[in-house]
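Each chain, letter by letter, is given below.
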Amino acid sequence: MGELDQAIEQCVEIFVKNCGKDSDCLNMSEFKAMMEKEVDASNYKGKLMRADLTEAFDRLDKNKDEEINIQEYSRFISILMKAYYRKKYNKGGKGGRGAKRGGKGEDADED
Ligand SMILES: [Ca+2]
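Residues numbered from 1 in each chain as written. Predicted model: local features only at pLDDT ≥ 70, side-chain atom pairs only at ≥ 80, totals over all residues.

What about the overall build of the protein chain?
Step number 1: Looking only at helices and strands, one finds 5 helices and 0 strands in the protein chain.
Step number 2: Along its sequence from the N terminus, the protein chain presents helices and strands in the succession α-α-α-α-α.
Step number 3: The buried share of the protein chain, reckoned over its 111 residues, is 15%.
Step number 4: Within the protein chain, contacts between residues separated by at least 24 positions form 57% of all contacts whose residues are at least 6 apart in sequence. (Helix = DSSP H or I, 4+ residues; strand = E, 2+ residues; numbered from the N terminus. Buried ≥ 20, exposed ≤ 12 C-beta atoms within 10 Å, placed from the backbone. Contact = placed C-beta atoms within 7 Å.)

Considerations on the nonpolar core
Most often, soluble globular proteins have nonpolar side chains that are buried together.
Step number 1: L26, F31, I68 and Y73 are the most contacted members of the largest nonpolar core, which totals 13 residues.
Step number 2: Those residues in contact with F31 that sit more than four places away from it in its chain are L26, F57 and I68. (Core = buried A, V, L, I, M, F, W, Y, C linked by C-beta atoms within 7 Å.)

Side note on the confidence of the model for the protein chain
Step number 1: Residues at a pLDDT of 70 or more form 78% of the protein chain, whose mean pLDDT is 84.
Step number 2: Considering each helix and strand of the protein chain separately, the mean pLDDT is smallest for helix α3 (residues 47–50), with a value of 60, and largest for helix α1 (residues 3–18), with 97.
Step number 3: Taken together, the stretch residues 102–108 has pLDDT below 50 and engages in 5 contacts with residues farther than four places along the chain or on a different chain. (pLDDT = per-residue confidence, 0-100.)

Section: helix α5 (residues 70–89)
Step number 1: With 20 residues, α5 extends 28 Å between its outermost C-alpha atoms, agreeing within 8% with the 28 Å of an ideal straight helix rising 1.5 Å per residue.
Step number 2: For α5, the complete set of buried residues consists of E72, Y73, F76, I79 and A83. Looking down the long axis of α5, one finds its buried residues gathered within 115° of arc, a one-sided arrangement. Residues of α5 that are exposed and point more than 90 degrees away from the buried face comprise Q71, K88 and Y89.
Step number 3: Phi for N90, located one or two positions after α5, is positive at around 55°. (Expected span 1.5 Å × (residues − 1). Arc of directions from axis to C-beta.)

Pasting the structure below:
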(Lines give C-alpha, C1' and ligand atoms only; values in the text may rest on other atoms or scores of the structure.)
Protein backbone atom coordinates (compact mmCIF):
# COMPACT_ATOMS: atom_id res chain seq x y z
CA MET A 1 0.00 0.00 0.00
CA GLY A 2 1.37 3.39 -0.98
CA GLU A 3 1.80 6.29 1.38
CA LEU A 4 -1.08 8.17 -0.20
CA ASP A 5 -3.28 5.09 0.12
CA GLN A 6 -2.42 4.97 3.81
CA ALA A 7 -3.14 8.67 4.30
CA ILE A 8 -6.51 8.33 2.56
CA GLU A 9 -7.37 5.22 4.54
CA GLN A 10 -6.53 7.00 7.79
CA CYS A 11 -8.68 10.00 6.87
CA VAL A 12 -11.62 7.72 6.12
CA GLU A 13 -11.13 5.62 9.25
CA ILE A 14 -10.99 8.73 11.46
CA PHE A 15 -14.31 9.84 9.95
CA VAL A 16 -15.94 6.44 10.46
CA LYS A 17 -14.57 6.11 13.98
CA ASN A 18 -16.02 9.48 14.98
CA CYS A 19 -19.44 8.97 13.42
CA GLY A 20 -22.13 7.70 15.73
CA LYS A 21 -22.77 3.98 15.81
CA ASP A 22 -25.81 4.04 13.54
CA SER A 23 -24.82 7.01 11.46
CA ASP A 24 -22.61 7.80 8.49
CA CYS A 25 -22.30 11.47 9.44
CA LEU A 26 -20.73 13.54 12.21
CA ASN A 27 -23.06 15.60 14.34
CA MET A 28 -21.85 18.68 16.18
CA SER A 29 -20.66 16.89 19.30
CA GLU A 30 -18.91 14.19 17.25
CA PHE A 31 -17.26 16.87 15.15
CA LYS A 32 -16.05 18.73 18.23
CA ALA A 33 -14.74 15.52 19.79
CA MET A 34 -12.89 14.67 16.58
CA MET A 35 -11.36 18.13 16.37
CA GLU A 36 -10.19 18.05 19.98
CA LYS A 37 -8.69 14.60 19.59
CA GLU A 38 -7.31 14.61 16.07
CA VAL A 39 -6.52 18.20 15.03
CA ASP A 40 -3.86 20.53 16.41
CA ALA A 41 -4.93 23.93 15.10
CA SER A 42 -1.40 25.27 15.39
CA ASN A 43 -0.40 23.10 12.41
CA TYR A 44 -2.71 25.02 10.11
CA LYS A 45 -3.08 28.47 8.74
CA GLY A 46 -6.41 29.81 7.64
CA LYS A 47 -9.69 31.38 8.49
CA LEU A 48 -11.42 28.16 9.34
CA MET A 49 -9.10 27.37 12.19
CA ARG A 50 -9.44 30.84 13.67
CA ALA A 51 -13.18 30.47 13.85
CA ASP A 52 -14.70 28.61 16.73
CA LEU A 53 -15.87 25.07 16.17
CA THR A 54 -19.55 25.96 15.94
CA GLU A 55 -18.85 28.38 13.13
CA ALA A 56 -16.53 25.89 11.42
CA PHE A 57 -19.25 23.26 11.63
CA ASP A 58 -21.86 25.64 10.17
CA ARG A 59 -19.57 26.49 7.28
CA LEU A 60 -18.74 22.87 6.55
CA ASP A 61 -22.37 21.79 6.69
CA LYS A 62 -23.15 22.86 3.15
CA ASN A 63 -26.53 21.16 2.92
CA LYS A 64 -27.55 22.46 6.37
CA ASP A 65 -28.73 19.15 7.75
CA GLU A 66 -26.71 19.69 10.94
CA GLU A 67 -24.41 16.80 10.15
CA ILE A 68 -21.09 16.44 8.34
CA ASN A 69 -21.27 13.74 5.67
CA ILE A 70 -18.33 12.18 3.83
CA GLN A 71 -18.50 14.78 1.06
CA GLU A 72 -18.41 17.66 3.54
CA TYR A 73 -15.68 15.92 5.53
CA SER A 74 -13.56 15.42 2.42
CA ARG A 75 -13.86 19.14 1.67
CA PHE A 76 -12.74 19.80 5.23
CA ILE A 77 -9.70 17.54 4.82
CA SER A 78 -8.86 19.39 1.62
CA ILE A 79 -9.05 22.71 3.49
CA LEU A 80 -6.75 21.37 6.20
CA MET A 81 -4.32 20.03 3.59
CA LYS A 82 -4.07 23.42 1.91
CA ALA A 83 -3.76 25.24 5.23
CA TYR A 84 -1.03 22.84 6.36
CA TYR A 85 0.83 23.29 3.09
CA ARG A 86 0.61 27.07 3.33
CA LYS A 87 1.79 27.10 6.92
CA LYS A 88 4.65 24.67 6.45
CA TYR A 89 5.93 25.78 3.06
CA ASN A 90 4.61 29.33 2.95
CA LYS A 91 3.23 28.95 -0.54
CA GLY A 92 0.02 28.03 -2.31
CA GLY A 93 -1.84 31.05 -0.97
CA LYS A 94 -4.01 33.55 -2.77
CA GLY A 95 -2.60 34.68 -6.06
CA GLY A 96 -1.32 31.24 -6.85
CA ARG A 97 -2.84 28.97 -9.43
CA GLY A 98 -6.52 28.39 -8.84
CA ALA A 99 -7.03 31.65 -6.98
CA LYS A 100 -9.65 32.79 -9.46
CA ARG A 101 -11.93 29.79 -9.41
CA GLY A 102 -14.94 31.92 -8.65
CA GLY A 103 -17.09 28.87 -8.05
CA LYS A 104 -19.62 28.89 -5.29
CA GLY A 105 -19.27 26.64 -2.31
CA GLU A 106 -15.53 26.23 -2.73
CA ASP A 107 -14.35 29.31 -0.90
CA ALA A 108 -14.53 28.10 2.68
CA ASP A 109 -10.75 28.05 2.94
CA GLU A 110 -10.07 31.46 1.45
CA ASP A 111 -9.40 34.53 3.52
CA1 LIG B 1 -24.38 18.27 6.03
